[in-house]
Amino acid sequence: MTEPGKALRSQLDDRPRKQGPSVLLSRGDSTHKIRSAWFQARESWPFRESPIDLLIDERARVQLAMPAAARSAQWSAAGPANIGGRTTSVVCHPANPERVWVGAAGGGIWSSPDAGKSWRSLWHAQPTLNIGALAIDPRNPDVIYAGTGEANLSADSHPGVGVFRSMDAGATWVLLAGSAGGRLPRRIGTLAVDPFDSTRLFAGGVSHAPGEPAGLYRSTDGGISWALVPLVHGNGYRCHDVQFRADRPGWLYATISALGSGNGIWRSADAGATWTHLAAGLPPADRIGRTALAIAPSDPDVIFAQVEGARKVLGIFRSADAGNTWTSVGGNHFANERQMSYNNTIVVHPERPDRVLCGGVDLHRTTDGGGSWTRVTRWDDDRGSSTYAHADHHALVMPAARPGLVYDVNDGGLDLSADGGDTWENRSVGLATNMFYDMTVAQTDLRMIAGGAQDNGTLATVDGRPDSYFELTGGDGGWVVIDPRNALHLFTTAQGMRMFRFRSPAGWREVSPPEDQFDMWMVFVAMNQQNTDTLFTGSRRVWRTTDDGQEWGPVSGQLDGSDITAIDIARADGRRIYVGTENGGIFRSRDGGETWSGNIASTVLPGRTVTRLESRPDDADVVYATVANFGSRHLFRSADGGSTWVDVDGGRLPDAPLHCVCVPAAHPTRVYVCGDAGVFVSDDEGGSWASLTGNLPNVMVVDLAFHETDRVLLAATYGRSIWRLAVD
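Calculation criteria
Residues numbered from 1 in each chain as written. Predicted model: local features only at pLDDT ≥ 70, side-chain atom pairs only at ≥ 80, totals over all residues. Heavy atoms only, no water. Helix = DSSP H or I, 4+ residues; strand = E, 2+ residues; numbered from the N terminus. Rg over C-alpha atoms; globule rule 2.2 N^0.38 Å. Contact = heavy atoms within 4.5 Å. Areas by Shrake-Rupley, 256 points an atom, 1.4 Å probe, with all protein chains shown as cover. Buried < 20%, exposed > 50% of the residue type's maximum accessible area, 1.4 Å probe, protein only. Pairing = 2+ DSSP bridges. Axes fitted to C-alpha atoms, helices over the stretch in contact; angles between N-to-C directions. Salt bridge = Lys/Arg side-chain N within 4 Å of Asp/Glu carboxyl O. Phe/Tyr/Trp six-rings, centres within 6.5 Å; stacked < 30°, edge-to-face > 60°. Expected span 1.5 Å × (residues − 1). Arc of directions from axis to C-beta. Polar contact = N/O pair within 3.5 Å; in protein donor to acceptor, adjacent residues only side chain to side chain. Disulfide = S-S within 2.5 Å. Lys, Arg positive; Asp, Glu negative; His and termini not counted. pLDDT = per-residue confidence, 0-100.

J.: Could you give an account of the overall build of the protein, with specific residues and numbers?
T.: Within the protein one finds three helices and 55 strands. For the protein, whose C-alpha radius of gyration is 25 Å, the value lies close to the compact-globule estimate of 27 Å for 728 residues. Seen through its principal axes, the protein has C-alpha atoms that stretch 75 × 50 × 45 Å. Restricting the contact set of the protein to residue pairs at least 6 apart, pairs at least 24 apart contribute 53%. Accessible surface, the protein as shown: approximately 24200 Å² in total, 48% of it carbon and sulfur.

Below, the structure written as structure tokens:
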């Protein structure tokens, strides 16, 4: 890092304390995080589940119908490559425990030959990069199975397309069985290969959409065909874990939740032909939710279960008789754990059956079979400390070939312990899987990039290197804005409308608006480019500060009763403000926010969430609006300040959510847009379009930023970090 870069980072490093992990919705028995509603409004409304089959079809249609841009579309990775994103699954080679594969929630599959010291991406152009489960064939470790779609029970995660198989340790992959037509769940959270018969597999999955398949599925032909295991009657159920015994042919266990008396742990002794519900000593079945299982390799009659109920730890249970009876061994240690329907995993030491690690928000360990427990990680410690591991643990592996080694995947990538959990080290360098909400670049220096990432705070680099990102502020990082003339004047946000300002030499200060009426997940923030002490943000009403965040005041009432989702302060006229809403409304102020129009969206727009508004840099009357969801057009243009609108999508852009429109000052007739189906460009204000997706991974592109001096376009993704492209 250069000396100026070191000085800049040293100033930014004196940041506020970390925030707690994202909270859950409080409506009844919902497992969904607050961000689920935020994503639903942008991707699937009025349905719960994003229509992934339609998205794949639209990507293919546009690829065939639309020309590629004449300019090169060879994007390069811009990071972060040193801070991992949400990771759902992990397996390692049975004979070489340093060979490890992980699946990312939105970033595909990655492999490491050296226990996470280096990484290589194995997925890039597959139909989906949403991974829920991995399994390795113990009889042939070159054979790896991947279940797509995330099954951590919150609908802000994304569905998949079925089960893939690699026969060459992950180098190439084939879709064995698709989810289309109800053959398999779209969210597969557990996979298991029979250690005595490699043609027999089990997969467990969940659904958030009525009528979609869910439950435990069995294959007897190596994963080509599958059939639902009818553990309970009704229209499907959720299956959370499947575990084979390695010492008894045909013995396996599964955990399910079925909204009733069938919830809990089931066992088969005949390879899944018949099943027994194991309930002795466990809580009433109708109170049991998601359950994680761990069989002790050195004594397979010993089994541990971490049981969730109402999103908390209902109990840790131990069986010494293969599951016939269970004893509660958790005591009160787990009373403060939470989000257990989202983060829930457990593992037993390969040689010591009373040594157990289990994970929720943090990791906990017992060395005496549950007689006592110790919290062995602390999510709020400083990154790099020996007790730090990222929050929200999704899978644990203790390789039999190296007792004491622990792999832990979580919302921050992969953490490793070489001493059974005493100390921890993050091994995410090279794992470029961050899930961004937003991103920007300092106009004074292309090397300074910042963006808000899921559960990784607002991340930034000041020297442009993919491996040099660091956390500015914590929580689920949201919108960040940087003064175009002073990179040491910036604002970051986090969930719940929290806002922080950095200004040199004063440093960091919380400057959150005093909103007390409306609960917000993420807020949009816009800075006046001519007067950078003036900013606008929004809840369901518009807020303004004219003194750099010292004081905020509401300058509108509720606009249309829905959340504000987009704000543009015109670069050509700082008194012209455009605001978009979740209900699809657009509102305008001509006097810096003093007065506001009614809804000017007109019936040309489809009444879907407005994801971005951007006026032409040299003409405040020309403004573009991008629209979310499926089943409509997605880009609209007004040439008269929003009084009338025209459709400049024209069906040439994909029928998939658009998240951003970007109009460079250097080329005011050029328009860039991005969304779930890629990046597209028009050089004639939407008259014609070309694909600029190029070599980008097959992932949601959620934001664009253009560096005016260096003519570089940056794209932020939800699952594969940030990319850059020189466009002139």
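J.: Quick one: what's the story with helix α2 (residues 34-43), residue by residue and with numbers?
T.: Among the 10 residues that make up α2, eight are buried, leaving the element largely enclosed by the rest of the structure. For α2, the set of buried residues is Arg-35, Ser-36, Trp-38, Phe-39, Gln-40, Ala-41, Arg-42 and Glu-43. Taken together, the buried residues of α2 touch β30 (436-441), β34 (477-483), β42 (564-569) and β45 (610-616).

J.: Got a sec to walk through the sheet that holds strand β8 (residues 162-166)? Specific residues and values, please.
T.: Backbone hydrogen bonds are what pair the strands of a sheet, in a parallel or an antiparallel way. Pairing in this open sheet of four strands is antiparallel, and the strands run β6-β7-β8-β9 from one edge to the other. Since the sheet does not close on itself, it has two edges, and those belong to β6 (131-136) and β9 (174-178), each with one partner. Going across the sheet, the axis of each strand differs from the next one's by a mean of 25°, ignoring polarity. The pairing of strand β7 (residues 144-148) with β8 spans four bridges and is classified as antiparallel. When the sheet's bridge partners are listed, Ala-146 is paired in β8 with Phe-164.

J.: Residue-level account of the pairing of strand β27 (residues 406-410), with values.
T.: The buried fraction of β27 is high, at five of five residues. In β27, alternate side chains face the same way, and those of Val-406, Asp-408 and Asn-410 on one face and Tyr-407 and Val-409 on the other are all buried. Note that strand β26 (residues 393-397) and β27 share four bridges and pair antiparallel. Bridge pairing in β27 places Leu-396 opposite Asp-408.

J.: Would you mind going over the pattern of salt bridges in detail, with residue names and values included?
T.: Overall, the coordinates contain 36 salt bridges when judged by the stated rule. Across the pair Glu-425 and Arg-427 runs a salt bridge whose closest N-O atoms are separated by 3.2 Å. Owing to a relative accessible area of 41%, Glu-425 belongs among the partly exposed residues under this scheme. Through salt bridges with shared partners, a single ionic network connects Arg-245, Asp-247, Arg-248 and Asp-301.

J.: How would you summarise the sheet that holds strand β48 (residues 646-647) if you had to cite specific residues and measurements?
T.: Spatially, β45-β46-β47-β48 is the arrangement adopted by the four strands of the open sheet, whose pairing is antiparallel. This sheet does not close on itself; its edge strands, each paired only once, are β45 and β48. As judged from the four bridges shared by strand β46 (residues 619-627) and strand β47 (residues 635-638), these two strands associate in the antiparallel manner. Paired with Ala-625 across the bridge in β47 is Phe-636.

J.: Let's hear about the packing of aromatic side chains: which residues, and what values?
T.: Any aromatic ring pair is given by two values, namely how distant the centres are and how the planes are angled relative to each other. If you walk through the whole model with that rule in mind, you get 14 aromatic pairs. Where Phe-39 meets Tyr-718, the ring centres are 5.0 Å apart and the plane angle is 55°; that geometry is what we call tilted. Of this pair, Phe-39 sits in helix α2 while Tyr-718 sits in the loop between β54 (712-717) and β55 (722-726), and the two are 679 residues apart along the sequence. Residue Phe-39 is classed as buried on the basis of its relative accessible area of 4%.

J.: A description of unusual backbone geometry should follow, citing residues and the corresponding values.
T.: Going from Trp-45 to Pro-46, the amide bond is cis rather than trans, its omega being 10°. Residue position: Pro-46 is located in the loop between α2 and α3 (52-65). Here Ser-504 and Pro-505 are connected by a cis peptide whose omega angle stands at 5°. Mapped onto the secondary structure, Pro-505 falls in the loop between β36 (498-503) and β37 (507-510). A positive phi is found at Gln-339, a non-glycine position, where the angle reads about 60°. The exposure class assigned to Gln-339 is buried, which follows from its relative accessible area of 2%.

J.: Break down α3 for me, citing the residues and quoting the values.
T.: Here α3 spans 20 Å end to end across 14 residues, near enough to the 20 Å set by a 1.5 Å rise per residue. Three or more residues of α3 are buried, namely Ile-52, Leu-55, Glu-58, Arg-59 and Val-62. Within α3, the buried residues cover an arc of 115° as seen down the axis, which keeps them to one side. Exposed side of α3, more than 90 degrees from the buried face: Leu-64 and Ala-65 are the residues found there.

J.: Outline the environment of Tyr-217, supporting the account with residue identities and numerical values.
T.: With respect to the helices, strands and loops of the structure, Tyr-217 is situated in strand β12 (residues 215-219). On a C-alpha basis, the gap between Tyr-217 and Val-229 in space is 5.5 Å, while along the polypeptide they are 12 residues apart. Setting aside residues up to four positions removed in sequence, Tyr-217 forms contacts with Arg-183, Leu-184, Pro-185, Leu-201, Phe-202, Ala-203, Trp-226, Ala-227, Leu-228 and Val-229.

J.: How would you summarise the environment of Asn-486 if you had to cite specific residues and measurements?
T.: Topologically, Asn-486 is positioned in strand β35 (residues 486-494). Placed 168 residues apart in sequence, Asn-486 and Arg-318 show a C-alpha to C-alpha distance of 59 Å. From its side chain, Asn-486 meets the backbone nitrogen of Leu-488 in a polar contact 3.0 Å long.

J.: Describe in detail the environment of Thr-581, supporting the description with residues and values.
T.: Along the chain, the position of Thr-581 falls in strand β43 (residues 577-581). For the pair Thr-581 and Ser-562, spaced 19 residues apart in sequence, the C-alpha separation works out to 6.2 Å. In this structure the side chain of Thr-581 is engaged in a polar contact, spanning 2.7 Å, whose partner is the side chain of Asp-560. Polar contacts involving the side chain of Thr-581 include one to the main-chain amide nitrogen of Gly-585, which spans 2.9 Å.

J.: Just give me the short version of the state of the cysteines, but keep the residues and values in it.
T.: Two cysteines form a disulfide when their sulfur atoms are joined by a covalent bond. As enumerated under the stated definition, the model contains zero disulfides in all. Cys-358 provides the cysteine sulfur closest to Cys-92, a residue in no disulfide bond, and the two sulfurs are 20 Å apart. The exposure class assigned to Cys-92 is buried, which follows from its relative accessible area of 11%.

J.: Could you give me a rundown of the side chain of Asp-568, with the residues and numbers involved?
T.: Turning to its location among the elements, Asp-568 is positioned in strand β42. Salt bridges are absent for the buried Asp-568, whose nearest opposite-charge side chain, Arg-571, sits at 5.8 Å. Of note is the side chain of Asp-568, whose polar atom sits 2.8 Å from the side chain of Ser-615. Apart from the residues lying within four places of it in its own chain, the contact partners of Asp-568 are Arg-576, Ile-577, Tyr-578, Leu-613, Glu-614 and Ser-615.

J.: Which residues make up the confidence of the model for the protein, and what are the values?
T.: On average, residues of the protein carry a pLDDT of 94, and 96% of them reach 70 or more. Throughout residues 21-28 the model reports pLDDT below 50, and contacts reaching past four residues in sequence, or to other chains, amount to 29 contacts.

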